[in-house]
Amino acid sequence: MIEGLGRAWRVGATGLSFALFGVGGLLLRLAVFPLLYLLVWRRERRVTAARAIIRLAFRAYVDVMRALGVLRYEVRGLEKLERRGLLILANHPTLIDTVFLMAFVRNADCIVKGALWNNPFTRGPVRAAGYISNDGGTSGGDGDGLVKACIASLERGNNLIVFPEGTRTPANGVISMKRGAANVAVRGARAITPVVIRCDPPTLGKGEKWWRVPPRRVRFSLEVQDDVAVEPFIHDSSDVMAARRLTEFLQNYFTGKYQGHA
């Protein structure tokens, strides 16, 4: 009976968390960011301020979820993110991976689906923060314009978060990398900062309903790994071949790390 009550509480707390996310996004759009546009005229400063607000809001949000008993979380290697111009690549097991990463990464930029630019709950924060739109494609897409936008963001000193899978990992757990992230690394000659995300027991996966909560509280972890140099993949190779080799490496790397292998 106690177990059943605990699960019922987590279903309600998860629903409340989603509601808070929607209300928070709407408040940012209607109250906070219009004021930001009035007070900060220079676009560069406004974007920086908007990203800082979003980071603090997301950090508060994950702490609320923890306080409600929805999940526990830990972050390892956080000091590795205290740099500028990082190309941060992560696996994508759950719906809230982006929220967690952006809660801990300063001056974070990311690729968002074009539909979010018109969503009433997200378009205010997304536009104010100047995130990169993929025009309806996946974040792992290979569009030349998208790759150039990502490289330009890194050159401005932003920390770019990319999920190379382009979408959440399917229910069978098989990670499948697209070539877009590798193209950014190769053509921008940027080292990769990998982040391995784990969720135990699994929840909020691709196609999974939010109310199907696990039998026990979720443990969420982010592990920031050592940088991966891109030069060995570029040496004596065309960009196309280098991106292909790097994508294959990332496929094996994240599969091994996620499954607990070195």
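Coordinates for the structure precede this section.
Presented here is a report on the structure given in the accompanying data block.

Below, the discussion takes up the sheet that holds strand β6 (residues 192-200). In space, the seven strands of this open sheet follow the order β1-β7-β6-β2-β5-β3-β4, with mixed pairing throughout. In this open sheet, the two strands that pair with only one neighbour each are β1 (71-76) and β4 (132-133). Of the strands in this sheet, β2 (87-90), β5 (159-162) and β6 touch helix α6 (residues 180-188), which is tilted by about 155 degrees from β2.

What follows concerns the packing of helix α5 (residues 144-155) against α6. At a closest axis distance of 9 Å, the pairing of α5 and α6 adopts a crossing angle of 55 degrees. Compared by their axis directions, α5 and α6 come out oblique. As α5 runs across α6, the sense of the crossing is right-handed. When α5 is examined against α6, the residues D144, V147, K148, C150, I151 and L154 are found in contact with a partner set consisting of N183, V184, R187 and G188. Taken together, the residues of the contact of α5 with α6 sort by class into five nonpolar, two polar and three charged.

On to the pattern of salt bridges, then. Inspection of every chain in the model, using the stated rule, returns 12 salt bridges. Between K80 and D226 there is a salt bridge, and its shortest N-O distance comes to 2.9 Å. Of this pair, K80 sits in the loop between β1 and β2 while D226 sits in the loop between β7 (218-224) and α7 (231-234), and the two are 146 residues apart along the sequence. D227 serves as the salt-bridge partner of R83, at 2.8 Å between the closest nitrogen and oxygen. Here R83, found in the loop between β1 and β2, pairs with D227, found in the loop between β7 and α7; they are 144 residues apart in sequence, far enough to count as distant. Here the residues in one salt-bridge network are E74, R76, R198, R219 and E223, joined through shared partners.

Here is the idea: a disulfide is a covalent bond, and it sits between the sulfur atoms of two cysteines. All told, the structure shown has zero disulfides when counted by the stated rule. Take C110: it sits in no disulfide, and the sulfur closest to it among the cysteines is that of C150, at 10.0 Å. A relative accessible area of 1% places C150 in the buried class.

Once that is clear, we can look at the environment of I54. Positionally, I54 belongs in helix α2 (residues 43-67). A residue is classified by how much of its surface remains accessible, and I54, at 4% relative accessible area, is buried. Distance from I54 to A103, taken between C-alpha atoms, is 7.7 Å for residues 49 residues apart in sequence. With residues up to four places along the chain from it excluded, the contact list for I54 reads F33, M102, P125, A129 and Y131.

Rules used in this analysis
Residues numbered from 1 in each chain as written. Predicted model: local features only at pLDDT ≥ 70, side-chain atom pairs only at ≥ 80, totals over all residues. Heavy atoms only, no water. Pairing = 2+ DSSP bridges. Helix = DSSP H or I, 4+ residues; strand = E, 2+ residues; numbered from the N terminus. Contact = heavy atoms within 4.5 Å. Axes fitted to C-alpha atoms, helices over the stretch in contact; angles between N-to-C directions. Parallel < 35°, antiparallel > 145°, perpendicular 65-115°, else oblique. Left-handed = near helix turned anticlockwise from the far one by under 90°. Nonpolar A, V, L, I, M, F, W, Y, C, P; charged D, E, K, R; others polar. Salt bridge = Lys/Arg side-chain N within 4 Å of Asp/Glu carboxyl O. Disulfide = S-S within 2.5 Å. Buried < 20%, exposed > 50% of the residue type's maximum accessible area, 1.4 Å probe, protein only.

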